[in-house]
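Single-letter residue listing:
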Amino acid sequence: MPQKKVKVLVLRAAGINCDAEMVEAWEKAGAEVDLRHINEIAGPHANTRLDDYAILGVPGGFAYGDYLGAGKLVANEIIYRLKEPFQRFVESGRPVLGVCNGFQILAKTGLFGDVTLLPNESGKFECRWITMQNTGSNSVFLRGIEQIYLPIAHGEGRVAFGTDVKAEVSLKYCGPDGDTAASYPWNPNGSVQNAGGISSPSGTVFGLMPHPERFISAYQHPHWTRQKIKEVEGAGLKFFTNAVEYVSNEI
Amino acid sequence: MLYCVELLPQVTINTASRFADEAAAFFGESFNSLKHHAFYLLQFDPNTPAEIAERAVEITARRLLADTVTQTYRGGPVEKFFHNLAAETVPALILAANRPGVTDAEGESALQGYRVMAASGELDLPELQMIRSAALYYLELAPGVATEKLAEFARLFLINDLVQDCLVFVPGTIKPERLLNFVNGQFNFSKDKPPTVKTIPLKDAAPEELEKISREGLLALNLAEMQAIQAYYRGVQRDPTDVELETLAQTWSEHCVHKTFKATIDYTEYDTDGQVLNESVINGLFKSLIAAPTYQLKKDWIVSAFVDNAGIISFDENYDVSFKAETHNHPSALEPFGGANTGLGGVIRDVMAVSAKPIASTDVFCFGEPNTPAENIPADVLSPTRIFQGVVDGVRDYGNKMGIPTVNGAILFDQGYLANPLVFCGTVGLAPKNAHPRNQQIGDRVIVIGGRTGRDGIHGATFSSIELGGDAQAAGSATGQAASVVQIGNPIEEKKTLDLMLKARDLKLYSAVTDCGAGGLSSAIGEMGADLGVRVELSEVPLKYAGLEPWEIWVSEAQERMVLAVPPANLAEFRRLCELEGVEVTDLGEFTGDGQLTLLYNGETVGQLSMNFLHHGLPPRRMTAKWQPPAPKPAERRPQSYQGYTSDLLRILSDPNVASKEAVIRVYDHEVQGATILKPLVGVANDGPGDAAVLKPLTDSNRGLVISNGINPRYGLLDPYHMAACAIDEAIRNAVAVGASLDRMALLDNFCWGNPAVPERLGELTRAVLACRDYALAFGLPFISGKDSLNNEFKDMASGKRVAIPGTLLISAFAVLEDVTKAVTMDLKEAGNLLYLVGKTKPELGGSYFAKLRGQVDGEVPQVDTAAALRTFKSLNRAIQGGMVRSCHDLSEGGLAVAAAEMAFAGGLGVRYDLTHVPYSGAKTDRTNAALLFSESPSRFLVEVGPDQKAAFEKALQGTTFAQIGQVLEEDEYTVTGLTTATVLRTHVSTLKKAWQTPLVEFE
């Protein structure tokens, strides 16, 4: 009997713009995906319940223009319009992935404690590929990933911590030899501890600045014309298959 | 009652440090530090009790405005706040904000955020009317810096006078009343008087009065046009209302109706001695020279050419792709960020207006030379550096926020663009076949969606038809109109509108759509109702603030608006979708079937025009064009023993036009949507200059789209005809270099020229257009869309001199690629591989970068041999498709020497090649090392081939001109053997790379 597909909700709001790629990544990982505007989950047009999904994905973009700080205004909506279902979802241990603006949104809900993202130390938006090292975290998204090459595209990715941090750094920007203390340009934004990805202590909530959904095909790699293509899948897909497998096998 | 919140960062934020760097340079030793604090103004209902408001301000600051991990805040009633500020021993202070009425997207977003908090009911928050964002700058300066100096700094670096305002105080001079007045002005600016409609006494006006009406109203209509209007009103026996006259001025503007490209032209060619060579009458540059070849070529894959907002071709059996490129030159000259921002926003809407999803953008900029000394910049002209930074920022902001990758472009610097920068933006779209309806019916509703209408962008269409500086700017500032011609963008408003549009399209809810661009609603609705007639109630248009006159509502170019025809039966469903996506929707009226444009305000008719007169009443123009080539000056000959080619190559690589644009490319998200298969920067370190972008827009298909461009105004200084031919060739060869064939390739033209009323200028333009006809036909490639921007001239108020830009033609190409996995990049791949030069080199150094090094233009202008070029393009494509090519790069600025250098450093490998092997055609005496190294003959490629593919490659290229000229080396070495077998150029590839990478990094 074919197993029932894992259901993923990809959240959308005005200014989210990496939703199509994220939907594709989850589908390629074997999930059944619904893309929903936040107004379809909360308010008078609501037709969707967070409770009906096993995984929540929050894609990148410039939600509401990133005014008042990247991700802030969607976080504000989650806090005031989706508070209880969101809390329930997280507490039940179902995986939550925030990529780029999605990470900024998760951080600004306070989910990771006193964690925020500031404008890049370089003072400008940057789009390029960087390398990251797994710190050995228990994140369900990072299983089997040691080091990974992924694109970034952001202007506010500089992770900063306050006093009460409820998360751990699970991915660190690193230099070509794996040096996780390497500075700019290896650490593209000046994040403390070279933090590029953050996990909740449970390992089920994960936010990162790079875009794994932009590397799910070998032809998205910047050097594909220089290499013999062995695997047609890109390494970024692993984040998504990991979460789908975790739900299928362990929840 | 007004309240405020100031945010106090606890860590250094680098956005402030750019201002600090500028302040340090400006004030010199007087400067100590600069701090930038966000500042918000909150307006509650006047009846809100103070303690409730104060509590709400505190909650808003803590929960919404401040990032409490890294910021603290303070605030309260503004009056008290400013008095406290005056009592503190603060350093110099600058308060800056958008001018009243100018869009404040941040403030609007903050208000939405507040309303979400309030609606939750958990915080018991009172009603808030408005939030405006502002900024406070604190500068520690040595004592004695004058207020005027501080104000000058603010105007130069912190604000743009046209759309922003500021107050400055040196220490100890803060006046709370002035601060209060300033912030109160943010909220109380709209005119309270009731809207009025004026009648213009035109019916019986004398000719000079007609001209005066046009000039003073910034209508940009000439006497013949004013007289045509007069004749119409004599016929209907009344005078026009201001609404009607404005409608005519917008619809008949050069910008909207392209009078020059429609005119009948008497064209005369002279030889260099002034003897007439040839006289002809051209029946419309557009119709007879651009559109006619397209129809003649009869390509069955063209879906729409010239009639829609973008050109459309068939992508595969299920999808079409569209492409449009436009300029936004005048606005970018005055307010670079806003001009470029809304330029890109506008071209994106053109693609939305053919019901397509935008999938990529391109941008090409022309600026004055970087680091132009201030004394060489005319008054009222911004420095090229400031324009450059503002324009790049504007494109970055809009493109990134829309989630559209910016994948291809160019940046040129030339002093001819000092007062008139050019900003070209292009957008490519993808749509399912037959998804775009053009089927409005009588009874369909006229629906406007998206942003609200304000006094921004009034007279943009007519303003762009007048030269900058001089009369227009003076008249503009006198009437406050120069400020209002600048538009301000809000990309998120447009993104919402796009999300909605795609859903409404798939549900087939609308019967026609267009965007609001130049001329605003007047153009959009006027065109949409041209056949049927339309009735519009202007008082329904949602406004940003009260006080707009009916004519202002009608012609405002406020951004992010689309107009749709929606059948009444679909209206409820359409409204529901709008609500879900958070897009404002308004029903303005209906398509009537009476052939009239009827404009109402509160039910009263304020304008009525026959659609026939509006769209066909414009008197045809007859214009004179003259072309005489510049007298030839022999190019300077190098002495035989000259050995300076290494330094020449280094200097060309570090010419800002040739140098790496990485600093700009990386601030654009060029990978969003995940379809950018060949990125703008390629090679082992992701920093080589790719020839063209390749997109793979569908996830389940390997079919791709190639996007490229060609532009070289320097050739135009010699002959615009060959400039145009070379631009076409360059756009094609850039696409061919990555693997495109000519089988399904289409072209776009964008002409930017000076005043076409000057016969010599129109002659240059005509010559360029003639080449477009000749080469479109010769290459068998159709133009499918295009645009012109004329009157790019500046009148210096001080000297009275008029300066026109160099006539500039941008050719954009896009081509369907059967299989993206066959694409190649320009970076060298492997030591030991062979280097082939494909195509014939001629001694064509006219307009070249080699000539530019010597301060010259003269010499033979490069010319395109289409028969040879076609053979090369086809054969090379066969070789690429057959997998025989490891890398391929086109030869353009700087010729062979530059192409080889770029391939080498992009691949991190060395090269050695021999000029004696370069296939040459031309006089024997002109066959010099310089010509072979630096000639810019078109239709040439440098190709890397593995030794195992040598025979196959040579077979594929049979019948074309090509030769193996060298090989790829492991070493960091660049060596060229010259004609006398001596080494004529030798350096390290790393040295070349450094020369190429350094210039623009410093400029940025």
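Residues numbered from 1 in each chain as written. Chains lettered and ligands numbered in written order. Predicted model: local features only at pLDDT ≥ 70, side-chain atom pairs only at ≥ 80, totals over all residues. Heavy atoms only, no water.

**A closer look at the overall build of chain B**
Heads up, the condition is: In this description a helix means any DSSP run of H or I spanning at least four residues, a strand means any run of E spanning at least two, and both kinds are numbered starting from the N terminus. Computation of the radius of gyration draws on C-alpha atoms alone. For the globule rule, the value is 2.2 Å times the number of residues to the power 0.38. Contact criterion: two residues are considered in contact whenever any of their non-hydrogen atoms come within 4.5 Å of each other. Only four residue types enter the tally: Lys and Arg on the positive side, Asp and Glu on the negative side; His and the chain ends are excluded. Every charge is mapped to an atom, namely NZ of Lys, CZ of Arg, CG of Asp or CD of Glu.
Helix and strand counts for chain B stand at 34 helices and 40 strands. By the compact-globule yardstick of 30 Å for 1004 residues, chain B fits well, its C-alpha radius of gyration being 30 Å. Seen through its C-alpha atoms, chain B measures out along the principal axes to roughly 90 × 70 × 60 Å. For chain B, the share of sequence-separated contacts (at least 6 apart) that also reach a separation of at least 24 residues comes to 83%. Across chain B, the centroid of the 89 positively charged side chains sits 3 Å from that of the 123 negatively charged ones.

**Structural notes on the interface of chain A and chain B**
The figure often quoted for interface size is the accessible area lost as the parts come together. Heads up, the condition is: When a carboxyl oxygen of Asp or Glu is within 4 Å of a side-chain nitrogen of Lys or Arg, the pair counts as a salt bridge. Definition of a polar contact: a pair of N or O atoms within 3.5 Å, with one able to donate and the other able to accept a hydrogen when the atoms are protein atoms, and with sequence-neighbouring residues admitted only if both atoms are side-chain atoms. In this count, Pro and Cys sit with the nonpolar residues alongside Ala, Val, Leu, Ile, Met, Phe, Trp and Tyr, while Asp, Glu, Lys and Arg are called charged and the others, Gly among them, polar.
Contact with chain A, which involves 57 residues of that partner, is made by 64 residues of chain B. If you look at where chain A meets chain B, you find five salt bridges. For Arg 12 of chain A, the salt bridge is made with Asp 499 of chain B, and the minimal N-O distance between the two is 3.5 Å. Where chain A packs against chain B, one counts 26 residue pairs in polar contact (both at pLDDT 80 or more). Among the elements that make up the side of chain A that touches chain B, the one with the highest residue count is helix H2 (residues 72-81) of chain A (seven residues). Each residue belonging to the side of chain A that touches chain B can be placed in one class, and the counts come to 25 nonpolar, 15 polar and 17 charged.

**Re the pairing of strand E4 (residues 92-98) of chain B**
Residue and element names in this part refer to chain B. Counted only if it meets this: Type-normalised accessible area, obtained with a 1.4 Å probe on protein chains alone, sets the label of each residue: buried when under 20%, exposed when over 50%, and partly exposed for intermediate values. DSSP calls a pair of strands paired once it identifies at least 2 bridges connecting them.
Burial runs high along E4: seven of the seven residues are buried. Judged from the six bridges that link them, E4 and strand E5 (residues 128-141) form a sheet pairing that is antiparallel. By the bridge assignment for E5, Ala 92 is matched with Leu 139. Of the pairings in the sheet, the one linking E4 to strand E6 (residues 164-169) comprises six bridges and is antiparallel in character. Counterpart to Ala 97 in the pairing with E6 is Asp 165.

**Examining the packing of helix H15 (residues 384-402) of chain B against helix H19 (residues 491-506) of chain B**
Angle between the axes and distance between the axes are the two parameters that describe a pair of packed helices. All names here are of chain B. This is how it is decided: Lines fitted to C-alpha atoms define the axes, with helix axes restricted to the stretch in contact, and inter-axis angles between N-to-C directions lie between 0 and 180 degrees. Orientation labels follow simple angle bins: below 35 degrees gives roughly parallel, above 145 gives roughly antiparallel, 65 to 115 gives roughly perpendicular, and whatever is left gives oblique. By the definition used in this description, the sense in which the near helix is turned from the far one sets the handedness, with an anticlockwise turn below a right angle giving left-handed and a clockwise turn giving right-handed.
In contact at an axis separation of 9 Å, H15 and H19 are set at 30° when each is read in the N-to-C sense. It follows that H15 is roughly parallel to H19 by the angle criterion. Our pair here, H15 against H19, has a crossing hand that is right-handed. Of the residues in H19, those in contact with Asp 397, Tyr 398, Lys 401 and Met 402 of H15 are Pro 491, Ile 492, Glu 494, Lys 495 and Leu 498. Residues of the contact of H15 with H19, tallied by class, amount to five nonpolar, no polar and four charged.

**As for the sheet that holds strand E2 (residues 32-37) of chain A**
All names here are of chain A. Taking strand neighbours across the sheet as the criterion, the nine strands line up as E2-E1-E3-E4-E11-E10-E9-E6-E7 in an open arrangement whose pairing is mixed. The two strands at the open ends of the sheet, each matched to only one other strand, are E2 and strand E7 (147-154). Direction aside, the axes of adjacent strands within the sheet are offset by 25° on average. The sheet contacts of helix H3 (residues 83-91) involve strand E3 (55-58), strand E4 (96-99) and strand E11 (205-208), and relative to E3 the element is tilted by about 115°.

**A short note on the packing of helix H28 (residues 759-779) of chain B against helix H30 (residues 866-881) of chain B**
Residues and elements named next belong to chain B. At their nearest, the axes of H28 and H30 sit 10 Å apart, and the two run at 45° to each other. Classified by the interaxial angle, the pair formed by H28 and H30 is oblique. Both H28 and H30 take part in a crossing whose hand is right-handed. Contacts between H28 and H30 involve Tyr 775, Ala 778 and Phe 779 on the former and, on the latter, Thr 866, Ala 869, Leu 870 and Phe 873. Grouping the amino acids of the contact of H28 with H30 by side-chain chemistry returns six nonpolar, one polar and no charged.

**Points about the pattern of salt bridges**
Across all of its chains, the model carries 56 salt bridges over all chains by this definition. Two residues, Glu 581 of chain B and Arg 12 of chain A, come together in a salt bridge whose shortest N-O distance is 2.6 Å. Note that Glu 581 of chain B is positioned in helix H22 (residues 571-581) and Arg 12 of chain A in strand E1 (residues 7-12), a pairing that runs across two chains. Looking at Arg 12 of chain A, the relative accessible area reads 6%, which means it is buried. Here Asp 819 of chain B ties to Lys 822 of chain B by a salt bridge, and the two come within 3.9 Å at their closest N and O atoms. Look at Lys 822 of chain B and you get partly exposed, because its relative accessible area is 34%. Connected through shared salt-bridge partners, Arg 12 of chain A together with Lys 495, Asp 499, Lys 503 and Glu 581 of chain B make up one network.

**Re the sheet that holds strand E10 (residues 311-314) of chain B**
All names here are of chain B. An order of E9-E10-E11-E14-E12-E13 is seen for the six strands of this open sheet, with the pairing classed as mixed. Each having just a single partner strand, strand E9 (302-304) and strand E13 (406-413) make up the two edges of the open sheet. Strand-to-strand twist of the sheet, defined as the mean angle between neighbouring strand axes without regard to direction, takes the value 20°. Alignment of strand E11 (residues 319-327) against strand E14 (residues 422-432), held across nine bridges, turns out to be antiparallel. Bridge pairing in E14 links Thr 327 to Phe 424.

**Some details on the domain arrangement of chain B**
Our working rule: Domain boundaries shown here were taken from an automatic or database domain assignment.
Domain boundaries assigned for chain B yield domain 1 (2-185) and domain 2 (824-1004). Taking only C-alpha atoms into account, the centre of domain 1 of chain B sits 56 Å from that of domain 2 of chain B.

**Some details on the packing of aromatic side chains**
Put simply, the rule reads: In this analysis, rings of Phe, Tyr and Trp, with Trp reduced to its six-membered ring, are considered paired at centre separations within 6.5 Å, and the interplanar angle assigns stacked below 30 degrees, edge-to-face beyond 60, and tilted for intermediate values.
Summed over all chains, the structure comprises 40 aromatic pairs over all chains. When the ring of Trp 129 of chain A is compared with that of Tyr 149 of chain A, the centres are 5.2 Å apart and the planes differ by 45°; the resulting orientation is tilted. Here Trp 129 of chain A, found in strand E6 (residues 126-134), pairs with Tyr 149 of chain A, found in strand E7; they are 20 residues apart in sequence, far enough to count as distant. Owing to a relative accessible area of 8%, Trp 129 of chain A belongs among the buried residues under this scheme. Overall, the relative accessible area of 22% leaves Tyr 149 of chain A in the partly exposed class. Ring plane angle 45° and centroid distance 5.3 Å describe the contact between Phe 261 of chain B and Phe 751 of chain B, whose orientation is recorded as tilted. Of this pair, Phe 261 of chain B sits in helix H11 (residues 259-262) while Phe 751 of chain B sits in strand E29 (residues 745-752), placing them 490 residues apart in sequence.

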